[in-house]
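Per-entry structural report
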Amino acid sequence: MIIGKSKKELEKMRASGRLAGLVREHLRLMVQPGVTTLELDTAAEKMIREAGAVPSFKGYHGFPFSICASINEEVVHGFPSNKALREGDILSIDVGATLNGYVGDTATTIPVGRISEDRRRLIRVAEECLERAIEQCRPGRRVGDISWAVQQHAEAEGYSVVREFVGHGIGRRMHEDPQIPNYGAPGTKDKIKPGYVFAIEPMINMGNHHTKTLPDGWTVVTVDGKPSAHVEHTVAVGEDGPLVLTLVSDSVLREEQIGVEA
Ligand code: MG
């Protein structure tokens, strides 16, 4: 059952979404060759807890960290580690923050230093898929329209979409109904209504769509070893269209005086 949110609940989700977005942008500024993903994890947890929130992923089904950090052929759910990021890597960071009982969930894929043109294009297309999917979050459209928007654009650009992991409804719990696959047919599945909140998260592979989970039980990688990009926003459905709760503008970042740590 899809749980619609009241205006009051949407205000709370705006706050948790904003926090998750701020953490994501803070981490983006930290990313450079030599930095470890464990350092990013520590910074994220500190920022989330200082805001009076809880890192939603930590302990979720036993996940041991505050963020997921997935490098290159890692698709999602990568463990932060002591291994330094290298020039040319692409790093997907996924952040969840629970504030006043509501979850904000967001992800982005960040270039480490200078990256190849084909990786840059992969990230750009993943972001375009997310934008197109968000456009579908309006009353009267259906969940299948979101899925189709992602699949259609990714495949038109020569990429494939991951099948095993999906976007989702979000609220008091991180994963609520409906499931929102990144593939599907337009005009199918649930009708979208005002007050629904979705975490939309295209996972786009440069090669084919097949993935497997590593022996750590979490890290998902592409079977063909080619890179993958993951981007995600938490989006509320308003009467007039989508409201992206995890969007954070540059000016907000400046106001918050969020900067790169030495
Ligand atoms: Mg999610």
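Let me begin by describing the structure that accompanies this report.

Cut-offs applied
- Residues numbered from 1 in each chain as written.
- Predicted model: local features only at pLDDT ≥ 70, side-chain atom pairs only at ≥ 80, totals over all residues.
- Heavy atoms only, no water.
- Donors = N, O, S within 2.8 Å, 3.2 Å for Na, K, Ca; no water.
- Helix = DSSP H or I, 4+ residues; strand = E, 2+ residues; numbered from the N terminus.
- Buried < 20%, exposed > 50% of the residue type's maximum accessible area, 1.4 Å probe, protein only.
- Pairing = 2+ DSSP bridges.
- Contact = heavy atoms within 4.5 Å.
- Core = buried A, V, L, I, M, F, W, Y, C linked by side-chain atoms within 4.5 Å.

Quick look at the coordination of the magnesium ion now. In ideal tetrahedral geometry, four donors around a metal make angles of 109.5 degrees, whereas ideal octahedral geometry with six donors gives angles of 90 or 180 degrees. Only Asp105 (OD), His168 (NE2), Glu201 (OE) and Glu232 (OE) from the protein coordinate the magnesium ion, and they sit 2.2 to 2.3 Å from it. Mapping the donors of the magnesium ion onto the primary sequence yields the spacing D-x62-H-x32-E-x30-E. Pair noted here: Asp105 is in strand E5 (residues 102-111) and His168 is in strand E7 (residues 167-169), with a separation of 63 residues, a long-range link. Residue Asp105 shares its accessibility class with His168, and that shared class is buried.

Attention now moves to the sheet that holds strand E10 (residues 203-205). On the basis of which strands lie adjacent, the open sheet formed by three strands has the order E6-E10-E13 and antiparallel pairing. Every interior strand has two partners, whereas the edge strands, strand E6 (160-161) and strand E13 (228-230), have only one. Bridge count between E10 and E13: three bridges; the pairing is antiparallel. Paired with Asn205 across the strands is Ser228, a residue of E13.

With that out of the way, let us pick up the environment of Pro64. Here Pro64 shows up in the loop between strand E1 (54-55) and strand E2 (67-71). For Pro64, a relative accessible area of 39% translates into the label partly exposed. Sequence separation between Pro64 and Gly113 is 49 residues, and the spatial gap between their C-alpha atoms is 28 Å. Ignoring any residue separated from it by four or fewer positions in sequence, one finds Pro64 in contact with Lys58, Phe79 and Trp218.

Bringing the pairing of strand E4 (residues 90-99) into the picture now. Counting buried positions along E4 gives nine out of ten residues, so the element sits mostly inside the fold. Where E1 lies against E4, two bridges are found, and the strand directions are antiparallel. Within E4, the residue paired with Val54 across the bridge is Thr98. Note that E2 and E4 share five bridges and pair antiparallel. Pairing of Ile71 across the sheet is with Leu91, part of E4. Here ten bridges tie E4 to E5, and the two strands are oriented antiparallel to one another. The residue of E5 that forms the bridge with Gly96 is Asp105. Following E4, the chain reverses through two residues before pairing antiparallel with E5; Asn100 in that reversal takes a positive phi of roughly 50°.

The next subject is the pairing of strand E9 (residues 197-200). Alternating positions in E9 separate into two faces, Val197 and Ala199 on one and Phe198 and Ile200 on the other, with burial throughout. Bridging between E7 and E9 involves two bridges; their strand directions are antiparallel. Within E9, the position partnered with Gly169 by the bridge is Phe198. Sheet analysis places E9 next to strand E14 (residues 233-238), joined by four bridges and oriented antiparallel. Each bridged residue has a counterpart across the sheet, and for Phe198 the counterpart in E14 is Val235.

To continue, consider the nonpolar core. Formed by 29 residues in total, the largest nonpolar core has its most connected members in Leu122, Cys137, Ile146, Phe198, Ile200 and Ile204. In terms of residue count, helix H3 (residues 117-135) provides more of this core than any other element does, eight residues in total. Look past the residues within four positions of Ile146 in its chain and what remains in contact with it is Ala133, Gln136, Cys137, Ile180, Ile192, Phe198 and Ile200.

Between Asp177 and Pro178 the backbone carries a cis peptide bond, its omega angle lying at 0°. Following the sequence through the fold, Pro178 ends up in strand E8 (residues 176-180). You will see that His61, though not glycine, has its phi angle at about 50°, which is positive. The backbone of Lys189 sits at a positive phi, close to 70°, despite the residue not being glycine. With respect to the secondary-structure elements, Lys189 resides in the loop between E8 and E9.

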